[in-house]
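Remarks on the overall topology
So the chains spell out like this:
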Amino acid sequence: MPRLELLAELKGHTDRVWSVAWSPTSNILASCGGDRTVRLWVPTTSELSQWNCTNVLEGAHTRTIRSAAWSPNGRYLATASFDATTGIWERDANGATLEGHENETKSVAWSASGALVATCGRDKSVWIWEVEADNDFECISVQQEHTQDVKMVIWHPSEELLASASYDDTIKIWKEDEDDWYCSDTLEGHESTVWAIDFNKSGDYLVSASDDKTLKFWKKCSPDHVDGNVGKHRVDPKWKCIYTLSGHHQRCIYSVSNGNNDHTFNYTMVASIPSAHGVADINCVQWHTSETHSNLLASAGDDGIILNEYVS
Amino acid sequence: MPELINANPTIYTPSKSSHRIETKDEVNEDIEDIIDSQEVFDLIRSISDPEHPLTLEQLNVTQLEHVTVDDANNHVFIEFTPTIPHCSMATLIGLCIRVRLLRSLPERFKVDISVRKGTHQSEIAVNKQLNDKERVAAALENAHLLEVVNQCLSTAAMRGASQKIE
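The rules behind the values
- Residues numbered from 1 in each chain as written.
- Chains lettered and ligands numbered in written order.
- Predicted model: local features only at pLDDT ≥ 70, side-chain atom pairs only at ≥ 80, totals over all residues.
- Heavy atoms only, no water.
- UniProt positions renumbered as here; feature names shortened; annotations may be inferred.
- Helix = DSSP H or I, 4+ residues; strand = E, 2+ residues; numbered from the N terminus.
- Contact = heavy atoms within 4.5 Å.
- Areas by Shrake-Rupley, 256 points an atom, 1.4 Å probe, with all protein chains shown as cover.
- Buried < 20%, exposed > 50% of the residue type's maximum accessible area, 1.4 Å probe, protein only.
- Pairing = 2+ DSSP bridges.
- Phe/Tyr/Trp six-rings, centres within 6.5 Å; stacked < 30°, edge-to-face > 60°.
- Lys NZ or Arg CZ within 6 Å of the ring centre and 35° of its normal.
- Axes fitted to C-alpha atoms, helices over the stretch in contact; angles between N-to-C directions.
- Parallel < 35°, antiparallel > 145°, perpendicular 65-115°, else oblique.
- Left-handed = near helix turned anticlockwise from the far one by under 90°.
- Nonpolar A, V, L, I, M, F, W, Y, C, P; charged D, E, K, R; others polar.

Identification of chain B as 8040_t:CDS:1 from Ambispora leptoticha is taken from an unreviewed UniProt entry. Listed under Sequence similarities (unreviewed entry) in UniProt, the entry text for chain B is "Belongs to the MIP18 family."

Chain A goes by Probable cytosolic iron-sulfur protein assembly protein 1 in an unreviewed UniProt entry, where it is assigned to Ambispora leptoticha. Of the comments in the UniProt record for chain A, the one headed Sequence similarities (unreviewed entry) reads "Belongs to the WD repeat CIA1 family." For chain A, the Function (unreviewed entry) comment in UniProt is given as "Essential component of the cytosolic iron-sulfur (Fe/S) protein assembly machinery. Required for the maturation of extramitochondrial Fe/S proteins."

1. With respect to the overall build of chain B
Across its full length, chain B holds six helices and three strands. Listing the helices and strands of chain B from first to last along the sequence gives α-α-β-β-α-β-α-α-α. Put simply, 68% of the contacts in chain B that link residues at least 6 apart link residues at least 24 apart. In the structure as shown, chain B presents an accessible area of about 9,000 Å², 52% of it carried by carbon and sulfur atoms.

2. Thoughts on the UniProt feature "repeat: WD" (unreviewed entry) in chain A
All names here are of chain A. UniProt tags residues 10–41, 58–90, 98–132, 143–175 and 187–219 as "repeat: WD" (unreviewed entry). Split by type, residues 98–132 is 0% helix and 57% strand. Its first and last C-alpha atoms lie 13 Å apart. Between the first and last C-alpha atoms of residues 187–219 the distance is 11 Å; the span itself is 0% helix and 55% strand.

3. Focus: the pairing of strand 10 (residues 105–110) of chain A
Looking down a regular strand, the side chains alternate between one sheet face and the other. Residue and element names in this part refer to chain A. With respect to burial, strand 10 is a largely interior element, six of its six residues being buried. Relative to strand 11 (residues 116–121), strand 10 runs antiparallel, the two sharing five bridges. Bridging from a neighbouring strand, Val-108 pairs with Thr-119 of strand 11. Where strand 10 folds back on strand 11, the antiparallel hairpin that results is connected by five residues, among which Gly-114 adopts a positive phi of roughly 85°.

4. Quick notes on the packing of aromatic side chains
A complete count under the given rule lists eleven aromatic pairs over all chains for this structure. Measuring from ring centre to ring centre gives 5.5 Å for Trp-127 of chain A and Trp-129 of chain A, while their planes differ by 20°; the resulting arrangement is stacked. The buried category is assigned to Trp-127 of chain A, whose relative accessible area is 14%. Accessibility expressed as a relative area gives 5% for Trp-129 of chain A, which makes it buried. Aromatic ring contacts, followed pair by pair, group Tyr-76, Trp-110 and Phe-137 of chain A into a single cluster. Above the face of the Tyr-254 of chain A ring, Lys-133 of chain B is positioned so that its terminal group lies 5.1 Å from the ring centre. The ring of Tyr-167 of chain A has Arg-135 of chain B lying over it, and the distance from NZ or CZ to the ring centre is 4.6 Å.

5. As for the packing of helix 3 (residues 90–104) of chain B against helix 4 (residues 123–130) of chain B
All names here are of chain B. Viewed as axis vectors pointing N to C, helix 3 and helix 4 meet at an angle of 30°, and their least axial separation amounts to 10 Å. The orientation of helix 3 with respect to helix 4, classified from their angle, is roughly parallel. For helix 3 against helix 4, the interelement crossing comes out right-handed. Contacts between helix 3 and helix 4 involve Ala-90, Thr-91, Gly-94, Leu-95 and Arg-98 on the former and, on the latter, Val-126, Gln-129 and Leu-130. Considered class by class, the residues forming the contact of helix 3 with helix 4 number four nonpolar, three polar and one charged.

Below is the structure:
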């Protein structure tokens, strides 16, 4: 019977852990949270039951670090902080600080090519930055169509297509059109804050997690008005909710992770750990990004970090 | 002095029955006390109002019957009643209640806080903000706001014992 087994507990953070992120190129887990530090963890045994914190990145942010994201080449780590800035970290280098949001920055994401970075925050805006030489980042677009706090941004796994999730209960899809970014679709259906979103590997599906205690699955479909309107309107794919999964969670769902090995979603519960973090909230779950360790699930909670192995 | 949102609030006198009478079982240290609505009400009744030298109980903002505790399922639900439907202090009052319970209740409890239905013109917005843990965490990193909250909580330990705030 498929199950999740506890592999390790990663201890070191002195406050709530908000987020974890697996390096796409090596077996490193980054974590961040209320203690304003980022910690990097590497395994010391081949069974992955022991992990050491090899680096503590601190001093750059003056408030909670809400989330972290690795660049596709694994060279940079970006961090979004309540201090309104986004930090860019590079080994043995000075890094960079992206400024512009009015207040709490909540999420940061790298596009598949690594050429673009997106950030979002409580000021209801989504910013798109171009990565230039010498750790220089230029803001190329600021989108303000969400009517509330933007909780999370994530890029499509291969295209330059951005998705954002908001306290306004919607998800928006952003595209570029001749150097201009625009909202190509608004996904409505959740009844409360959308906390997290993830694409499947091919990017045809999107999954969202909400305060309304449901997960929704969205499929990229043909544009709604192909006939007659071509040329009048931009013809963009329409994302349609094809399934709502409810009844499994009694409280807000803060995080969702698709993992690396699925091409379509499975709507059946295959394994669960009740009270995985005891009485503490779980703020983030992330499947390992590599094929070799794709059965490894890291979770961050108000009490710390644990690693679980999915055994099928 | 800035203009008060509600210059002349109605002041309520708590009934004597709102004071706890200790039972034999509660005094007996061999019996584990479950946390009940009276216990939780005692934690929040003496929080000071942000703009009056009065407690939330004296202003009838908090009431025992609007505190629901499910000890077995680790759940607390608090409804509070702003003194006026356009009270701009509602979010702050709710935040004070949340912080008080964060600091006093065992960690196992999940707490939901709402404006009592129909008592505030922005009740949905206020409720959403009060129950968003990220917004609460960010608010508590704001030194000025935290100072205001701590000020309101400075009387909370009275647990309804004395009704006069100096």
